[in-house]
Amino acid sequence: MKKIQIINGPNLNLLGKREPAVYGSASFEGYLETLRTAYPQCRIDYFQNNVEGELINKIHEAGFGACDAIILNAGAYTHTSVALHDAIKAIQVPVIEVHISNVHAREAFRHVSLISAACLGVIAGFGLDSYRLALEAIMAPEPIIKH
Ligand code: DQA
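Reading guide: rules and limits
Numbers given to residues run from 1 along each chain, matching the order in which its sequence is written. Predicted model: local features are reported for residues with pLDDT of at least 70 only, side-chain atom pairs are reported and counted for 80 or more only, and whole-chain, interface and lining totals are derived from all residues. Hydrogens and waters are ignored; side-chain quantities use all the structure's heavy atoms. Nearness is defined per residue: one heavy atom within 4 Å of the molecule or strand is enough. Here a polar contact is recorded for every N or O atom pair within 3.5 Å, except that within protein the pair must consist of a potential hydrogen donor and a potential acceptor, and residues adjacent in sequence are included only if both atoms are side-chain atoms. For the area figures, the Shrake-Rupley method with a 1.4 Å probe applies, and any residue is considered shielded solely by the protein chains shown. Cavities and pockets were defined on a 1 Å grid built over protein atoms only: a cavity is a set of grid points that admits a 1.4 Å probe from which the probe cannot escape, a pocket is an open set flanked by protein on both sides within 12 Å along at least five of seven lines, and lining residues are those with an atom within 4 Å of any such point. To decide whether a molecule occupies a pocket or cavity, check its atoms: if more than half lie within 2 Å of the grid points, it is inside. Polarity classes work like this: nonpolar for Ala, Val, Leu, Ile, Met, Phe, Trp, Tyr, Cys and Pro, charged for Asp, Glu, Lys and Arg, and polar for all others, with Gly in that last group. Under the DSSP-based scheme used, a helix requires at least four consecutive residues in state H or I and a strand at least two consecutive residues in state E, with every element numbered from the N terminus. A 1.4 Å probe rolled over the protein chains alone gives each residue an accessible area, and that area as a share of the maximum for its type sets the label: buried under 20%, exposed over 50%, partly exposed in between. Residue contacts are defined here by distance: any two heavy atoms, one from each residue, within 4.5 Å place the two residues in contact. The arc in question is the one traced by the directions running from the helix axis out to the C-beta atoms.

Visitor: Explain the site of the ligand to me, using residue names and the numbers behind them.
Guide: Near the ligand the following residues occur: Arg 18, Tyr 23, Asn 73, Gly 75, Ala 76, His 79, His 99, Ile 100, Ser 101, Val 103 and Arg 110. Contact between the ligand and Ala 76: an oxygen atom at 3.2 Å from a main-chain N or O atom of the residue. Here Arg 110 contributes a side-chain N or O atom positioned 2.9 Å from an oxygen atom of the ligand. Summarising the interface, the protein chains cover 99% of the accessible area of the ligand, which totals 320 Å² for the free molecule. In this structure, the ligand is accommodated by the largest cavity. Each residue belonging to the shell around the ligand can be placed in one class, and the counts come to four nonpolar, five polar and two charged.

Visitor: Before we move on, could you go through the environment of Thr 78 and cite the residues and values that matter?
Guide: Looking at where Thr 78 falls in the secondary structure, it is placed in the loop between β3 (69–73) and α4 (82–90). Given the relative accessible area of 0%, Thr 78 is considered buried. Each C-alpha atom of the pair Thr 78 and Gly 127 lies 17 Å from the other, and the pair is 49 residues apart in sequence. Not counting residues up to four positions away in its chain, the partners in contact with Thr 78 are Glu 97, His 99, Val 112, Ser 113, Leu 114 and Ile 115.

Visitor: Account for helix α2 (residues 28–38), naming residues and giving values.
Guide: Looking only at α2, the buried set comprises Phe 28, Tyr 31, Leu 32 and Leu 35. Seen end-on, α2 carries its buried residues on one side only, within an arc spanning 105°. Counted as exposed and oriented over 90 degrees from the buried face of α2: Thr 34 and Thr 37.

Note that every value here comes from positions in space, so none of it alone points to a role or purpose.
Printed below as a string of structure tokens:
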């Protein structure tokens, strides 16, 4: 069974209530139940925190074999945090960066990610389905096209 750690950063505890026109009206907890039901072959652990250092602590905890991959939505820290970049570089498990919104279609300050270069890949703009697409990437037995 694959073990996946989802980590959500600041303000993502407010999903469902926060700017529904941008982030939708579903809570993450409800979505997580749907995801777990759709992927019984995975163990999906979930952590959310609004504090940068707590996200780093969780990345360290998960990043040395406690899971097979991390799906990370770092929220606004995506655009500001060298410390998160370094934490992702420091660990051994792959990290997929996800965003609910299409950050490239929004304000210019969201066009820069300080963490993308440390991540395996980036999925953005598919609503909550961005998490499922990241899970699919992790679960794919083999890439259909090899680089
Ligand atoms: C976000 C995009 C970020 O720019 C923003 O600060 C968030 C959420 C997203 O999932 O679309 O908090 O990461």
